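# Results of the structural survey
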Amino acid sequence: MHPPFRQAAGLAAMLLCAAYAYAAYPAWQPDTYYAAGSVVSYNGRDYKAIVNQTDYSSTGWNPTVSSLWQDLGASSGATATPAPTPTPAPTSISTGVQAHYLGATFGYNYTNNNDMIGPDTGTQNTPLYNPDPNNPDLTWDTWVREAGQAGLDFLAPNARGASPDAAWSPATMAPVLTALNNSGFASSIKIALFDDNASSWQGQWNRAGHTGPFDIGNAANWTYIYDTNYKIFFQTIPDANRFKINGRPVIMIWTGNSATVGNEQGNYSRAMTYVRQKCQADFGFDPYIIVNEDALKNDSTLAAVVDGAHSWSNGGTWSLTTFNGTKVGVAFPGLYASTSSGFRDPNHGQTLKTALENTVKAGALLTLIEGFTDWEEDAAIFRVRNLDTNGNPLGYSQTLYDYPNQRLDIVRMYSQNPFPASLKFEAAGADQFGGAAGGNGKVNFYRNGNIAIEPSSDTGGGFNVGWMQRGEWIEWESVPFNGTPHFMVRIATPNTGMTAHLVIDGVAQARKTLPNTGGWQTWATFDLGTYGTYSNSYHTVRLVFDSGNVNVNWWEVQQ
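Cut-offs and rules
Residues numbered from 1 in each chain as written. Predicted model: local features only at pLDDT ≥ 70, side-chain atom pairs only at ≥ 80, totals over all residues. Heavy atoms only, no water. 1 Å grid on protein atoms, 1.4 Å probe; cavity = no way out; pocket = protein on both sides within 12 Å on 5 of 7 lines; lining within 4 Å. Points joined across faces, edges and corners; volume = space filled by probe spheres on them. Helix = DSSP H or I, 4+ residues; strand = E, 2+ residues; numbered from the N terminus. Nonpolar A, V, L, I, M, F, W, Y, C, P; charged D, E, K, R; others polar. Salt bridge = Lys/Arg side-chain N within 4 Å of Asp/Glu carboxyl O. Buried < 20%, exposed > 50% of the residue type's maximum accessible area, 1.4 Å probe, protein only. Core = buried A, V, L, I, M, F, W, Y, C linked by side-chain atoms within 4.5 Å. Contact = heavy atoms within 4.5 Å.

## Things to note about the layout of surface pockets
Space inside the second largest pocket adds up to approximately 690 Å³. As for the second largest pocket, its lining consists of 35 residues, and the residues nearest its centre are Gly-148, Gln-149, Phe-185, Leu-423 and Lys-424. Those elements giving two or more residues to the lining of the second largest pocket turn out to be α3 (137-150), α4 (175-183), β19 (422-426) and β30 (551-558). Taken together, the residues of the lining of the second largest pocket break down into 10 nonpolar, 16 polar and 9 charged.

Structure below.
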């Protein structure tokens, strides 16, 4: 090529580039369908559609929604689309996306049945806590305290609809709010909406006289999704208590399989758009919707209107699903009884660790554990009983746990703060106890075995261990130490000169003389001292009451 021609070609290319640079893309318009790859201008910038979509004006969506549009940079010569006045964002857990959120499904029914006043003792994962049939709200309180010990970010009670079976109504979740406030965990543990749609959609719809899978194509049926389920949930759970991602309350829907949901193609997306519109109209927010991957396969238009996807157990004990650049994990500690053909062995806690390694540690923004209270399927993570009603020890083959707090301890290892600066342990929830024939005449109150437990009038309520005898002790496994641990204990006694000491990994520490607090329910926090230096390790801690005659509510390690 001769130089003059090369120069001419270069000039033509420059002119072409200039013409391209000043070519204005069409201004974005709401309520308009855009195919994936479409480019528009908005507020002085160019955006490319990531998926096929319609940005309905009722949802407040526009090209700044990163899950729907890719920002190509500042426009040149394009006509800017005026930005709408932003809606103030609801209060969020944090101002940005955290490294990961860890939560668990929570409860099944919330009325006076097995879940709240007496679990089925035929399962292996029978809880340590023996519910009070006269006060089912204490069950919520106990669960919340255990969740706090585990370091969970959110709990996800099963939403199962309110019509025609009102006994399943999300309104019955209200006591969990009282439990969060009483226990002091309201600021750290939030509530997500987990839609058990096999019950809330299909189950309730079938109870209304219909048969077969829930017909999501009939807009009249969306009342089962929103009006008698989601709306009641958000009316029950205040904004400050809702679990959010980027300021948006989370809705996670269990399944999209065709045996449960019918007529999905083109209609699941319509239903989810309706949910967004109703949440915006009724509560002023745009929900963060996570659906099952099956639903995406059964409705090719759904991807444009949801934020995340999960694959539930994926036939095993964990799944990690990437959708719109976001990873969502689901983890199981095991599943079903050891006598079941579908048994998935917890393997002494290793199954849960493996599941969390492949979800939390693999970059999941959100990981949901099935489930905190799922004793029905032997997939619980709460404290499990280690003694039967006669006080006989229960081993791994009988409970699928090595010790009562094992799964709570494992979950905490994968929380956002596995070695917290301060961690409190309830005396009533000890892994082991012994050293004396304790008792207060209440047989198997709170938990099985010869230990005396009573409701506490201390700040925050809960339960305390009392009627302490000489040499009686309580012990915990897998206590996280980092730095120089400092131990505090919450006691009450009208006696003077009582002593106690710690035993750490089998090594007895110095005895400490406890103060006379003035009464059996007059509480004081006593400094047990500082012992050793550690680096991110786990230890056994025993608290021994040498002379007895003390009530104890909790102890705390600060480091």
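That covers the picture; the talk isn't over yet.
## A look at the pattern of salt bridges
Applying the stated criterion across every chain, the model contains 17 salt bridges. Arg-45 serves as the salt-bridge partner of Asp-71, at 3.0 Å between the closest nitrogen and oxygen. You can see Asp-71 sitting in strand β5 (residues 69-74) and its partner Arg-45 sitting in strand β3 (residues 45-49), a full 26 residues away along the chain. Given the relative accessible area of 39%, Asp-71 is considered partly exposed. A salt bridge links Arg-248 to Asp-307; the shortest N-O distance between them is 3.0 Å. Residue Arg-248 is found in strand β12 (residues 248-253), and its partner Asp-307 is found in the loop between α8 (293-298) and β15 (308-310); the two are separated by 59 residues along the sequence. Residue Arg-248 shares its accessibility class with Asp-307, and that shared class is buried. It is possible to trace a salt-bridge network through shared partners that takes in Asp-141, Arg-145, Glu-146, Arg-383 and Glu-426.

## Things to note about the nonpolar core
Ranked by size, the top nonpolar core spans 77 residues in total, and within it Trp-201, Ile-225, Tyr-230, Tyr-268, Met-272 and Phe-372 carry the most contacts. The element that contributes the greatest number of residues to this core is helix α6 (residues 222-236), accounting for 7 residues. Contact partners of Ile-225, with chain neighbours within four places excluded, come to Trp-201, Phe-214, Ile-216, Tyr-230, Ala-271, Met-272 and Val-275. Ranked by size, the runner-up nonpolar core spans 37 residues in total, among them Ala-430, Phe-463, Ile-474 and Leu-543.

By themselves these figures say nothing about function.
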